[in-house]
Amino acid sequence: MLVVMDQKATPHQVDAVVKTIESLGYATRAIPGGQRVAIGILNNPGPVDPSPFLALPGVKDAIPVTRPYKLVSREFQAEDTVVRVGSVAVGNSRLTIMAGPCAVESDTQAMTIARLVQNAGAHMFRGGAFKPRTSPYTFQGLGEQGLEILARVRRETGLPVVTEVVDTDTFDRVEETVDLIQIGTRNMQNFSLLRRAGRARKPILLKRGMSATIDEWLMAAEYILEGGNSQVILCERGVRTFAHHSRNTLDLSAVAVVRKESHLPVIVDPSHAAGRRDQVIPLSRAAVAVGAHGILVEVHHAPEKAMSDGAQSLYPHQFEALCRQIRAIFDISAGTWESGEPSV
Ligand code: PEP
Ligand code: MN
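Summarised in this report is the structure supplied together with it. (Residues numbered from 1 in each chain as written. Chains lettered and ligands numbered in written order. Predicted model: local features only at pLDDT ≥ 70, side-chain atom pairs only at ≥ 80, totals over all residues. Heavy atoms only, no water.)

Examining the nonpolar core
For step 1, the next point in the chain: Core analysis: the biggest nonpolar cluster contains 78 residues, and Phe125, Ile204, Leu206, Val232, Leu234, Val297 and Phe319 have the highest contact counts within it.
For step 2, the next point in the chain: Ranked by residue count, the leading element in this core is helix α7 (residues 214–226), at seven residues.
For step 3, the next point in the chain: Ile21, Val48, Phe53 and Val59 belong to the second largest nonpolar core, which has 14 residues in total. (Core = buried A, V, L, I, M, F, W, Y, C linked by side-chain atoms within 4.5 Å. Buried < 20%, exposed > 50% of the residue type's maximum accessible area, 1.4 Å probe, protein only. Helix = DSSP H or I, 4+ residues; strand = E, 2+ residues; numbered from the N terminus.)

Brief notes about the site of ligand 1
For step 1, the next point in the chain: In the vicinity of ligand 1, the residues found are Arg126, Lys131, Glu164, Gln182, Gly184, Thr185, Arg186, Lys207, Arg237, His272 and Glu298.
For step 2, the next point in the chain: Gln182 is positioned such that a nitrogen or oxygen atom in its side chain is 2.9 Å from an oxygen atom of ligand 1.
For step 3, the next point in the chain: Between ligand 1 and the protein, one listed contact pairs an oxygen atom with a side-chain N or O atom of Arg237 at 2.6 Å.
For step 4, the next point in the chain: Classifying every residue of the shell around ligand 1 by side-chain character gives no nonpolar, four polar and seven charged. (Near = heavy atom within 4 Å. Polar contact = N/O pair within 3.5 Å; in protein donor to acceptor, adjacent residues only side chain to side chain. Nonpolar A, V, L, I, M, F, W, Y, C, P; charged D, E, K, R; others polar.)

Observations regarding the pattern of salt bridges
For step 1, the next point in the chain: Under the criterion given, the structure shown has 20 salt bridges.
For step 2, the next point in the chain: Here Arg152 makes a salt bridge to Asp107, at a shortest N to O gap of 2.0 Å. One end of the pair, Arg152, is in helix α4 (residues 144–157); the other, Asp107, is in helix α3 (residues 107–120), and 45 residues separate them in sequence.
For step 3, the next point in the chain: Take Asp107: its relative accessible area is 30%, and that puts it in the partly exposed class.
For step 4, the next point in the chain: One continuous salt-bridge network, built from bridges that share partners, spans Asp107, Arg115, Arg152 and Glu156. (Salt bridge = Lys/Arg side-chain N within 4 Å of Asp/Glu carboxyl O.)

Looking at the sheet that holds strand β3 (residues 38–41)
For step 1, the next point in the chain: In spatial order, the strands read β2-β3-β1-β4; together these four strands make up an open sheet with antiparallel pairing. Looking at which strands have only one partner, the edges of the open sheet turn out to be β2 (28–31) and β4 (59–63). Each strand axis lies, on average, 20° off the axis of its neighbour in the sheet, ignoring direction.
For step 2, the next point in the chain: Here four bridges tie strand β1 (residues 2–5) to β4, and the two strands are oriented antiparallel to one another. Bridging across to β4, Met5 finds its partner in Val59. (Pairing = 2+ DSSP bridges. Axes fitted to C-alpha atoms, helices over the stretch in contact; angles between N-to-C directions.)

What to know about the coordination of the manganese ion (ligand 2)
For step 1, the next point in the chain: Coordination of the manganese ion (ligand 2) by the protein is provided by Cys102 (SG), His272 (NE2), Glu298 (OE) and Asp309 (OD), with metal-donor distances spanning 2.0 to 2.4 Å.
For step 2, the next point in the chain: On the primary sequence, the residues serving as donors to the manganese ion (ligand 2) are separated as C-x169-H-x25-E-x10-D. Remark: Glu298 occurs in strand β14 (residues 294–298) and Cys102 occurs in the loop between β7 (96–100) and α3; sequence separation between them is 196 residues.
For step 3, the next point in the chain: In this structure Cys102 comes out as buried when scored by relative accessible area, which is 2%. (Donors = N, O, S within 2.8 Å, 3.2 Å for Na, K, Ca; no water.)

Brief notes about the packing of α3 against helix α11 (residues 316–333)
For step 1, the next point in the chain: Relative orientation of the contacting elements α3 and α11 amounts to 30°, with a least axis distance of 9 Å. If you check the angle between α3 and α11, you find them roughly parallel. Seen along the crossing, α3 lies across α11 with a hand that is right-handed. Along its contact with α3, which presents Leu116, Val117 and Ala120, the element α11 presents Pro316, Phe319, Glu320, Cys323 and Arg327.
For step 2, the next point in the chain: Here the residues of the contact of α3 with α11 sort into six nonpolar, no polar and two charged. (Parallel < 35°, antiparallel > 145°, perpendicular 65-115°, else oblique. Left-handed = near helix turned anticlockwise from the far one by under 90°. Contact = heavy atoms within 4.5 Å.)

Remarks on the side chain of Asn44
For step 1, the next point in the chain: Here Asn44 is to be found in the loop between β3 and α2 (51–54).
For step 2, the next point in the chain: Take Asn44: its relative accessible area is 14%, and that puts it in the buried class.
For step 3, the next point in the chain: Within the structure, the side chain of Asn44 is placed 3.0 Å from the side chain of Lys70, a separation counted as a polar contact.
For step 4, the next point in the chain: With residues near it in sequence (within four places) discarded, Asn44 still touches Tyr26 and Lys70.

Listed below in structure tokens is the structure:
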């Protein structure tokens, strides 16, 4: 339930409402709003009787929240959240392009690709230092050395950097080094990692689990917000289906659903969805047209030599074309969304 206070409610009245809710054994959360304060009731097991709150001075309304996720839902917060990643703002009426190799392989490789994607118009550099790989025999990432290379990329290009965190042991180091912390598809329901992300002072990029429903994905985000970190960007990266023509199936309808259900920004990773280079540009165009706030795309200066995911990595000239095309699409489609609803 959301208890909405009158615009003229005093801090004393707000305090009295919070105390009443807490005296009934519920947790509360103040919800930011442009005009008035709202107080969310969080840990109620079932429907809440609004009568004890409606009678209190300063209370305007009590709105039941019908979704299992609360803090991430539009019922709790109608306005879009804008997530700040270093100097870059993600969400609302902006298009954010995050690009770079699957993995940081060397100093020269990372710096070469970072300069190429920056010149083409990327706003952020991506690159894995700790790689969660299906096989224990394949390249696992440079680890700590990879983080140092990412720090250098940021220092020398000024681009904010995003990398994946794979466990709670290395969380502190990732958090102090990068601007945006990625939680990958395989860890979307790693609850200790989600709780740690809730305590982080850096924004989180939460990928959808490869077999997760949209409800499960939003509940995973709820863990992070409930833990105190409201800076979460969602990322659709394809789900498992019977299709063999691509590595996964990009669920573009999820973008439209999430924009309606949640105030959090949502971006698309066409690279891991496709698994092959020839699908990445068309899928990116479609992602932006359907309402994604940005894309996360793999680019390599020499994909045939890449230590992971070379087959899906774009050549630099393809990435340049991609940036031009999606900017044009964004310009005509951005205005078609109004606070979660596609306008017709
Ligand atoms: C990645 O972005 O490098 C990655 C491993 O992605 P995902 O978790 O979507 O497979
Ligand atoms: Mn990859």
